[in-house]
Amino acid sequence: MTTSPTRTDSTPMAANHRGGSAASPRIKLYKRRIAIDHPDPQAGERLLAEALGAVDRDALHGLLRQLVKVGAIGQRPDQGNLAFMISMIKSIAPRDSIEAMLVAQMVCIHVTAMRCAHHLACAGDLAGQDSASRALGKLMRIFPAQIEALNRYRNNGERAITVESLAVQDHSAAITDSVAPQIAPPAPERSLADATTSAPTVPAIGAMQSTQRGREPIGVT
């Protein structure tokens with residue numbers, strides 16, 4: 001299938017004017033070409049390029065050709081798959097060429113993963129199930145990595161930090177309950193009489209001397 005446009009020049013699409021109120025046009029697939037459904041072909045290309053993050057006409061049609069090949073069923077291009085992939089790219093809204101390529105890869109990985117999931121569900125033997133499950137597992141691991149890469153690129157190489165808010169009705173009670181330390185109760189005070197009663201008894205000095213005089217020395221033979 002030949003999908004290359006008749007023109008070969010690279011016309012800027014004014015991608016820096018994104019966010020207009022006009023909706024991006026749809027794509028129509030013919031036997032040998034891709035057509036943009038818009039009354040004004042140049043305006044249609046510009047709107048679609050802004051939605052997909054393409055910087056010029058060559059980038060736009062190159063991206064569309066790649067999406068057509070990935071979305072094809074067998075050897076036939078599929079209009080529904082192409083419309084779905086373009087819609088997903090629009091919803092993520094790539095802002096430059098790097099994001100446009102990365103988002104297109106994310107969409108292609110998703111479509112391929114869904115195909116592997118279909119093959120796994122329809123596999124009639126263990127070999128087919130094993131092949132489809134391994135391929136599906138690899139694709140499912142790639143997709144979160146692509147999301148992380150896109151988030152880091154959009155945050156200048158830093159991880160995005162999410163801060164969750166906590167609503168507390170009684171602020172003073174919440175602070176007291178969570179911060180106040182647990183202090184043990186003070187020991188009860190003891191009276192002087194209790195201290196005298198519980199003190200150990202010390203024998204008198206005279207009694208100790210009389211006891212020592214009553215002892216006889218032990219002779220050594």
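Residues numbered from 1 in each chain as written. Predicted model: local features only at pLDDT ≥ 70, side-chain atom pairs only at ≥ 80, totals over all residues. Heavy atoms only, no water.

### Observations concerning the overall build of the chain
Phase 1 of the analysis: On a plain count of helices and strands, the chain comes out with eight helices and two strands.
Phase 2 of the analysis: Shown N-terminal to C-terminal, the secondary structure of the chain runs as helices and strands in the order β-β-α-α-α-α-α-α-α-α.
Phase 3 of the analysis: The buried share of the chain, reckoned over its 221 residues, is 24%.
Phase 4 of the analysis: Long-range contacts, defined as pairs at least 24 residues apart, comprise 61% of the intrachain contacts of the chain with a sequence gap of at least 6.
Phase 5 of the analysis: In the form shown here, the chain has an accessible surface area of approximately 16,200 Å², with 57% of it arising from carbon and sulfur atoms. (Helix = DSSP H or I, 4+ residues; strand = E, 2+ residues; numbered from the N terminus. Buried < 20%, exposed > 50% of the residue type's maximum accessible area, 1.4 Å probe, protein only. Contact = heavy atoms within 4.5 Å. Areas by Shrake-Rupley, 256 points an atom, 1.4 Å probe, with all protein chains shown as cover.)

### A word on the pattern of salt bridges
Phase 1 of the analysis: Within this structure, the stated rule accounts for seven salt bridges.
Phase 2 of the analysis: One salt bridge connects R57 with E45, and the closest N-O pair in it is separated by 2.9 Å. In this pair, R57 sits in helix α2 (residues 57-71) while E45 sits in helix α1 (residues 41-52), placing the two residues 12 residues apart along the sequence. Summarising the burial analysis for this pair, R57 and E45 share the class buried.
Phase 3 of the analysis: Linking E148 and R152 is a salt bridge whose minimum nitrogen-to-oxygen distance equals 3.2 Å. You can see E148 and its partner R152 sitting in helix α5 (residues 126-154), four residues apart, about one turn around the helix.
Phase 4 of the analysis: Residue class for E148 comes out partly exposed when judged on its relative accessible area of 29%.
Phase 5 of the analysis: Among the charged side chains, a network of salt bridges with common partners joins R95, E99 and R154. (Salt bridge = Lys/Arg side-chain N within 4 Å of Asp/Glu carboxyl O.)

### Here we look at unusual backbone geometry
Phase 1 of the analysis: With a phi angle near 60°, A93 is a residue other than glycine that sits in the positive phi range.
Phase 2 of the analysis: Among the structural elements, A93 can be located in the loop between α3 (79-92) and α4 (97-122).

### Side note on α2
Phase 1 of the analysis: Given a rise of 1.5 Å per residue, 15 residues ought to cover 21 Å, and the 21 Å separating the end C-alpha atoms of α2 matches this to within 8%.
Phase 2 of the analysis: Within the span of α2, buried status applies to R57, L60, H61, G62, L63, L64, L67, V68 and G71.
Phase 3 of the analysis: Structurally, α2 contributes buried residues whose contacts are with β1 (26-29), β2 (34-37), α1, α3 and α4.
Phase 4 of the analysis: Two or three places before D58, at the start of α2, stands the capping residue D56, its side-chain oxygen 3.3 Å from that residue's backbone nitrogen. (Expected span 1.5 Å × (residues − 1). Polar contact = N/O pair within 3.5 Å; in protein donor to acceptor, adjacent residues only side chain to side chain.)

### Examining α4
Phase 1 of the analysis: Taking 1.5 Å of rise per residue, the 26 residues of α4 would be expected to cover 38 Å, and the 38 Å separating its terminal C-alpha atoms lies within 8% of that figure.
Phase 2 of the analysis: Every buried residue belonging to α4 is among E99, A100, L102, V103, A104, M106, V107, C108, I109, V111, A113 and C116, and all of these are buried.
Phase 3 of the analysis: Tucked inside the fold, the buried residues of α4 contact α1, α2, α3 and α5.
Phase 4 of the analysis: Two or three places before I98, at the opening of α4, D96 has a side-chain oxygen 3.3 Å from that residue's backbone nitrogen.

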